[in-house]
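Topology and contacts: notes
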Amino acid sequence: MKSNISKLFTSILLISVFSAPVFSQDRTIISPYISLQYFKNSEDHRYLQTTLTYVSNRIEFPLSGMEITFYTGSEGKDLLGTALTNEQGIATFDLPENSSLPKDNDGLWAFYTDFTGNDTIETVKADLLIRDVKLEMILSVVDTVKTVTLSALKSENNKDVPVSGEVVMLYVPRMFSLLPVAEAPLDDNGTAYIEFPSDIPGDAEGNITVISKFEEHPDFGNVERRVVIKWGVSFVNTSPAAHRALWTKTPPWWMIITLSILLIGVWGHYLFAVISLIRIKRESEKQKKLKIRQ
Amino acid sequence: MQANRKLLKDLTPELEKTSTGWYITFIVLLGFFLIGIYGLIQQIDKGHIVTGMRDNVVWGFYIVNFIFFMGLSYSGALISGVLHLFNTGWRKPVIRLAELITVISLVIGPFFIFFCIGRLDRLYFLFTHPRIQSPITWDVIAICTDLIGCFIYLYLSFIEDFAILRDYEDLRVAPWKRRLYKTLSLGYNGTPKQEKLLSTARKVMSSMIIAIAIIVYSVLAWIFGVTLQPGWHSTIFGPYFVIAAVFSGTGLLIILMWIFRKIYHLEEYITKRHFVNVGVLLTIIAAFYGYFTFSDYLTKWYGSIKMDSILIDKLFSEYYSLFIFANYIGILIPGIIIALPRFRTIPNITIAAVIAVLALWVNRYIIVIPTLETPFLPIQDVRSAWIKYTPTWIEWSLTFAGVAIFIMLFMLISKIAPIISISEMQEEDKEEILK
């Protein structure tokens with residue numbers, strides 16, 4: 001009877017131990033977030049960018065190595081291509097020349113992106129309507145005032161129409177991020193004039209990069225213009241005084257002298273101890289010889 | 001050289017025969033050691049990702065253990081050096097243990113640095129391309145110098161015992177052990193000239209070993225002190241580390257005295273007097289250690305430098321229990337136990353020593369980890385696991401392996417040489433007779 005009970009308990013124990021992983025398998029399905037953005041850079045190169053992430057414990061984590069599909073088309077979806085997300089969860093797709101992209105009746109490009117999901121991640125989709133915009137930036141000196149002239153034209157009914165009332169941001173890149181220089185609202189002619197500050201440090205020759213941008217605009221997406229110009233204050237980047245560090249090739253003399261004194265002192269005493277040991281050994285040999293003679 | 005037969009038998013219990021208990025203990029410890037080796041293989045195979053160390057907390061358990069073991073070593077050197085130099089009467093049964101703590105800890109400690117290094121294949125760069133300006137180079141020079149010095153010092157203290165064992169005809173040991181005693185005793189016969197030479201060399205080395213222990217542990221403290229990190233950039237880190245090391249070493253000495261007394265029945269040689277004397281030493285050092293700790297944190301807190309304030313807030317919130325254990329319980333409890341005569345029993349003093357040693361290890365942990373979790377540059381939107389350090393089983397296994405090998409080396413040495421100096425005890429015998 002006792003052995004039956006113990007067998008029963010052993011079986012229950014074994015079953016519970018081995019079945020535990022099966023029951024405890026966490027089958028939580030991830031609900032990811034997807035975002036689609038349109039970019040047009042200074043060289044008129046266009047691309048789409050999809051970001052795929054998920055949130056766990058209120059922290060956003062990227063989903064890398066996922067295949068993202070991109071489509072375009074106003075009536076039906078035409079496949080543009082696919083791309084894999086990188087370590088930041090971003091997949092980038094370069095668009096073909098604008099002439100080959102179909103527009104709808106309002107002159108808008110429709111873009112779609114989707115992630116088809118898998119066993120552990122749900123399917124997600126995003127779409128975007130973009131109107132093409134031509135952003136121009138002219139840098140000139142008017143009566144000794146450095147002036148930035150911005151103009152923007154959008155495409156409507158196959159015509160270029162000035163963009164009015166929208167804001168264009170003006171930046172200068174710095175070490176960690178872009179320094180906002182001005183916010184320029186466009187007038188009815190789609191133009192804005194900005195006085196550029198004259199105290200911004202540039203490189204050794206005074207070069208700085210001026211960037212004008214439509215940023216995450218609901219109609220235009222991200223459109224930018226960049227111009228490099230000698231409008232900065234010349235700044236020679238000398239190494240900061242190394243008063244906190246010892247970057248010289250040779251150590252300071254005081255350090256060499258101190259270390260030498262310490263090491264000579266210590267190792268000298270070691271030598272004395274070793275010599276004493278040798279003398280102890282010699283003394284015993286001497287004693288042995290004396291004994292033999294006697 | 002002749003020795004008292006009883007003394008010889010009592011102080012070399014494992015020399016002739018090996019007890020079953022010895023084998024069992026050794027196998028258990030070997031098990032811990034092998035688990036550590038398995039962990040190390042995992043780490044070498046998969047990289048440091050298997051540890052809890054990340055971009056921010058680049059120093060974890062390994063550095064904590066390194067500082068801890070090095071501290072034990074320097075304190076062993078300091079204690080044995082001071083006791084020998086000042087010819088303290090009661091030193092004789094404990095001085096050898098302190099010397100052994102010195103050498104064994106010094107051999108184990110640097111291994112934790114090796115575990116911490118990502119590119120071990122470049123280790124030789126430290127010797128081929130040293131930069132005297134770098135505190136790491138100071139540490140390499142200091143540890144090498146200290147290691148050799150401690151070996152010489154330990155060897156000097158063993159010569160007389162090796163000579164006694166060589167000349168003890170009834171000793172039933174393997175022939176290789178006899179040859180070993182003959183070689184290592186250097187033909188020492190206790191002639192007046194040899195005695196004088198040995199005594200002078202020991203005195204010189206004992207004074208030297210005190211100086212080296214202070215300098216070397218200060219160098220280790222300066223690795224932290226010269227670094228511009230919250231909590232580390234402190235002028236008192238050198239003496240603070242030295243005092244803390246002596247505190248832990250004295251505690252360990254008491255623990256080892258208790259273990260060897262119990263296992264090898266050395267009640268006749270290691271008496272309550274020795275426990276009380278070393279215990280009083282522990283209390284005095286605890287007071288100094290408490291003073292340094294208070295002084296360090298008080299000046300930081302009063303200074304109100306932003307990052308120091310953040311660190312102190314962290315110590316009193318996230319690390320509250322560890323901080324209280326290391327800096328209050330670890331100092332006050334041993335002090336109270338030993339200071340009050342009614343509590344001064346051998347088991348109580350040993351418990352106080354265990355608390356002191358554990359508190360010191362935790363103290364090292366809260367010096368290293370919370371500082372690295374409080375970087376000067378704010379880090380946004382980073383996984384908490386990358387900022388917060390949690391040791392993995394691999395780090396735990398290597399820590400236990402370190403403790404295991406420490407005890408194993410003690411056990412192995414007890415198979416070759418006496419763990420209490422026979423020659424010193426013989427002298428004590430003579431002094432007693434003369435009295």
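Figured I'd write up the structure that's included with this text. Quick caveat: nothing in here was measured; it's all calculated off a predicted structure. As a convention, each chain's residues are numbered from 1 in the sequence order in which they are written. In the order they appear in the text, chains get letters beginning with A and ligands get numbers beginning with 1. Given that the model is predicted, a residue must reach a pLDDT of at least 70 before its local features are reported, and side-chain atom pairs must reach 80 or more before they are shown or counted; all residues, however, enter totals for whole chains, interfaces and linings. Side-chain numbers here rest on the full set of heavy atoms in the structure, without hydrogens or water.

Focus: the overall build of chain B
To qualify as a helix, a DSSP run of H or I must reach at least 4 residues; to qualify as a strand, a run of E must reach at least 2; elements of each kind are numbered from the N terminus. Looking only at helices and strands, one finds 16 helices and zero strands in chain B. Here chain B holds 435 residues, and 55% of them are scored as buried. Long-range contacts, defined as pairs at least 24 residues apart, comprise 83% of the intrachain contacts of chain B with a sequence gap of at least 6. Here the Shrake-Rupley method, with its probe set to 1.4 Å, supplies the accessible areas, and only the displayed protein chains count as covering residues. When the accessible surface of chain B is summed, it comes to about 19200 Å², and 69% of that surface belongs to carbon and sulfur atoms. Remark: exposure states derive from per-residue accessible area (1.4 Å probe, protein chains only) relative to the maximum for the residue type, with buried under 20%, exposed over 50%, and partly exposed in between. Residue contacts are defined here by distance: any two heavy atoms, one from each residue, within 4.5 Å place the two residues in contact.

Some remarks on the overall build of chain A
In terms of regular secondary structure, chain A is built from two helices and 16 strands. By the burial criterion, 35% of the 294 residues in chain A qualify as buried. The contacts in chain A between residues at least 6 apart in sequence include a share of 51% that link residues at least 24 apart. Carbon and sulfur atoms form 56% of the exposed surface of chain A, whose accessible area is close to 19200 Å².

Concerning the nonpolar core
Grouped together as the largest cluster of nonpolar side chains are 149 residues, with contacts concentrated most on I67, Y217, L266, Y365 and F410 of chain B. Excluding its chain neighbours within four sequence positions, the residues that come into contact with F410 of chain B are L97, L100, I101, I104, L256 and F260 of chain B. The next biggest cluster of nonpolar side chains, apart from the first, holds 25 residues, and it includes L150, A152, A182 and W231 of chain A. As used in this record, nonpolar core signifies buried Ala, Val, Leu, Ile, Met, Phe, Trp, Tyr and Cys residues forming a set joined through side-chain atoms within 4.5 Å.

Observations concerning the side chain of T149 of chain A
Residue and element names in this part refer to chain A. With respect to the helices and strands, T149 occurs in strand β10 (residues 145–156). Among the residues examined, T149 registers a relative accessible area of 17% and is labelled buried. Setting aside its immediate chain neighbours within four residues, T149 contacts E136, M137, I138, T191, A192 and Y193.

Looking at the packing of aromatic side chains
All names here are of chain B. Note on aromatic contacts: the rings of Phe and Tyr and the six-membered ring of Trp form a pair at centre separations within 6.5 Å, being stacked when their planes are under 30 degrees apart, edge-to-face when over 60 apart, and tilted otherwise. Scanning the model with the defined rule gives 48 aromatic pairs over all chains in all. Taken together, a centroid distance of 5.2 Å and an interplanar angle of 35° make the contact between F237 and F241 tilted. You can see F237 and its partner F241 sitting in helix α9 (residues 237–263), four residues apart, about one turn around the helix. Residue F237 shares its accessibility class with F241, and that shared class is buried. Taken together, W59, Y74, Y217, F224, W232, F237, Y240, F241, F247, Y289, Y291 and F292 form an aromatic cluster joined through their ring pairs.

Re the sheet that holds strand β5 (residues 78–84) of chain A
Residues and elements named next belong to chain A. For two strands to count as paired, DSSP must find a minimum of two bridges between them. Pairing is antiparallel in the open sheet, where four strands are placed in the order β5-β4-β7-β8. Each edge of the open sheet carries a strand with a single partner, namely β5 and β8 (124–131). Averaged over neighbouring strand pairs, the angle between their axes works out to 20° when direction is ignored. As defined by bridge partners, strand β7 (residues 108–115) adjoins β8 across eight bridges and the pair is classed as antiparallel. Looking at the pairing, L108 lines up with R131 of β8. Only the stretch in contact is used when fitting a helix axis, every axis being a line fitted to C-alpha atoms; angles between N-to-C directions are given from 0 to 180 degrees.

Things to note about the interface of chain A and chain B
Opposite the 29 residues of chain A that make contact, chain B presents 32 residues. Summed over both partners, buried area is the accessible surface (1.4 Å probe) that two parts give up on being assembled. Regarding the contact of chain A and chain B, the summed buried area is about 2700 Å², with carbon and sulfur atoms giving 77% of it. Sorting the residues of chain A by area buried against chain B places Y270, L277 and I280 of chain A first, and these three jointly supply 23% of that buried surface. Any carboxyl oxygen of Asp or Glu within 4 Å of a side-chain nitrogen of Lys or Arg constitutes a salt bridge here. Where chain A touches chain B, the interface holds one salt bridge. Between K193 of chain B and E283 of chain A there is a salt bridge; the shortest N-O distance is 3.7 Å. Between N or O atoms, a polar contact is any pair within 3.5 Å; within protein, one atom must be a potential hydrogen donor and the other a potential acceptor, and residues adjacent in sequence are included only when both atoms are from side chains. Taken together, the connections running from chain A to chain B amount to five residue pairs in polar contact (both at pLDDT 80 or more). For the side of chain A that touches chain B, the element with the highest residue contribution is helix α2 (residues 253–293) of chain A, accounting for 20 residues. Gly counts as polar in this scheme, as do all residues outside two lists: the nonpolar Ala, Val, Leu, Ile, Met, Phe, Trp, Tyr, Cys and Pro, and the charged Asp, Glu, Lys and Arg. Of the residues belonging to the side of chain A that touches chain B, the class tally is 17 nonpolar, six polar and six charged.

Structural notes on a nonpolar patch on the surface
All names here are of chain B. Residues form patches when they are more than 30% accessible in relative terms and have no salt bridge. Like charges link within 9 Å. Nonpolar side chains (Val, Leu, Ile, Met, Phe, Trp, Tyr) link within 5 Å. Together, F316, Y320, Y328, I329, L332, I333, I336, L340 and F343 make up a nonpolar patch on the protein surface, roughly 790 Å² of accessible area in all. With respect to the helices, strands and loops of the structure, L340 is situated in the loop between α12 (320–339) and α13 (346–372). On the basis of relative accessible area, L340 is assigned to the partly exposed category, the value being 39%.

Some words on unusual backbone geometry
All names here are of chain B. Phi is positive for L186, close to 55°, though the residue is something other than glycine. Unlike most non-glycine residues, S304 shows phi in positive territory, near 55°. Among the secondary structure elements, S304 is positioned in the loop between α10 (272–303) and α11 (306–315).

Observations concerning the packing of helix α6 (residues 135–167) of chain B against helix α7 (residues 175–184) of chain B
Residues and elements named next belong to chain B. Orientation of α6 relative to α7, taken along the N-to-C sense of each, is 130°, at an axis distance of 8 Å. Classified by the angle their axes make, α6 and α7 are oblique. Helix-helix and strand crossings are classified by hand; for α6 and α7 the assignment is left-handed. Residues Y155, I159, F162, L165 and R166 of α6 form the contact with α7, whose participating residues are R178, Y181, K182, T183 and L184. We call two directions roughly parallel when the angle between them is under 35 degrees, roughly antiparallel when it is over 145, roughly perpendicular when it lies between 65 and 115, and oblique otherwise. Left-handed describes a crossing in which the near helix is turned anticlockwise from the far one by less than a right angle; the clockwise case is right-handed.

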